[in-house]
Amino acid sequence: VVKDIRNANQSMARNSLKNLFDASAREVQLLQEAPAKLYLIQSDATPTDKKPLRKYLKEGYEILSVGKVSHYPMAEVPELFNEQLEEILHTLRSS
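The structure presented is a predicted model; accordingly, all values stated were derived computationally and were not measured.

Conventions adopted
- Note that residues are indexed from 1 along each chain, following the sequence as it is written.
- It should be noted that, the model being predicted, local features are given only for residues of pLDDT at least 70 and side-chain atom pairs only at 80 or more, the latter also being counted only at that level, while totals for whole chains, interfaces and linings use all residues.
- Only hydrogens and water are set aside; all other atoms, that is, all heavy atoms of the structure, feed into the side-chain values.
- Each helix is a run of DSSP H or I of at least 4 residues and each strand a run of E of at least 2, with the numbering of both proceeding from the N terminus.
- With C-alpha atoms as the basis for the radius of gyration, the globule rule is written as 2.2 Å multiplied by the number of residues raised to the power 0.38.
- Think of it in three bands: residues with accessible area under 20% of the maximum for their type are buried, residues over 50% are exposed, and the middle band is partly exposed, with areas taken using a 1.4 Å probe on protein chains only.
- Every residue pair with non-hydrogen atoms within 4.5 Å of one another is taken to be in contact.
- In this tally Asp and Glu are treated as negative and Lys and Arg as positive; neither His nor the chain ends contributes.
- Every charge is mapped onto a representative atom, which is NZ of Lys, CZ of Arg, CG of Asp or CD of Glu.
- The working definition used for a salt bridge is a side-chain nitrogen of Lys or Arg within 4 Å of a carboxyl oxygen of Asp or Glu.
- Think of a polar contact as two N or O atoms within 3.5 Å of one another; within protein, one of them needs to be a possible hydrogen donor and the other a possible acceptor, and neighboring residues in sequence only count if both atoms come from side chains.

Caption draft 1: A look at the overall build of the protein. When its secondary structure is counted, the protein shows six helices and two strands. N-terminal to C-terminal, the α/β element order of the protein is α-α-α-β-α-β-α-α. Here the C-alpha radius of gyration of the protein, 16 Å, is well above what a compact globule of 95 residues would show, namely 12 Å. Projected onto its principal axes, the C-alpha positions of the protein cover 50 × 35 × 15 Å. Buried positions account for 18% of the 95 residues belonging to the protein. Of the contacts formed within the protein by residues at least 6 apart in sequence, a portion of 39% connects residues at least 24 apart. The positive charge centre, built from 13 side chains, and the negative charge centre, built from 13, are 9 Å apart in the protein.

In structure tokens, the structure reads:
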């Protein structure tokens, strides 16, 4: 897998990744229609584009970091992930 990634067409990879990070019309619509604050528990390995979150989420958002892990923070750092999830649930129960 690593060899395939290293040998991938760089131009194609850039264009594919760019499409992943551009907010589509449907994503914008969903953000605009979100009925409550959005809580994200995520890795710092890939930066989050906060501009659309600020622009479209009427109720706001909060990002909780689990450090530089990959796609499965709930499996890689389960204690931290669960602590942050409990924090969010406590906040929701208190409001």
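Caption draft 2: Geometry of the pattern of salt bridges. In the structure shown here, the tally under the stated rule is one salt bridge. Between K37 and E62 there is a salt bridge; the shortest N-O distance is 3.2 Å. Of this pair, K37 sits in the loop between α3 (25-33) and β1 (38-42) while E62 sits in strand β2 (residues 61-65), and the two are 25 residues apart along the sequence. Residue classification places K37 among the partly exposed positions, given a relative accessible area of 35%.

Caption draft 3: Up close: the side chain of Q84. Position of Q84 relative to the elements: it lies in helix α6 (residues 78-94). Classification of Q84 by relative accessible area gives buried; the value is 10%. Apart from the residues within four sequence positions on either side, Q84 is in contact with I41, L64, S65 and V66.

Caption draft 4: Expanded view of the environment of S94. Among the structural elements, S94 can be located in helix α6. Side-chain polar atoms of S94 contact the backbone oxygen of H90, separated by 2.8 Å.

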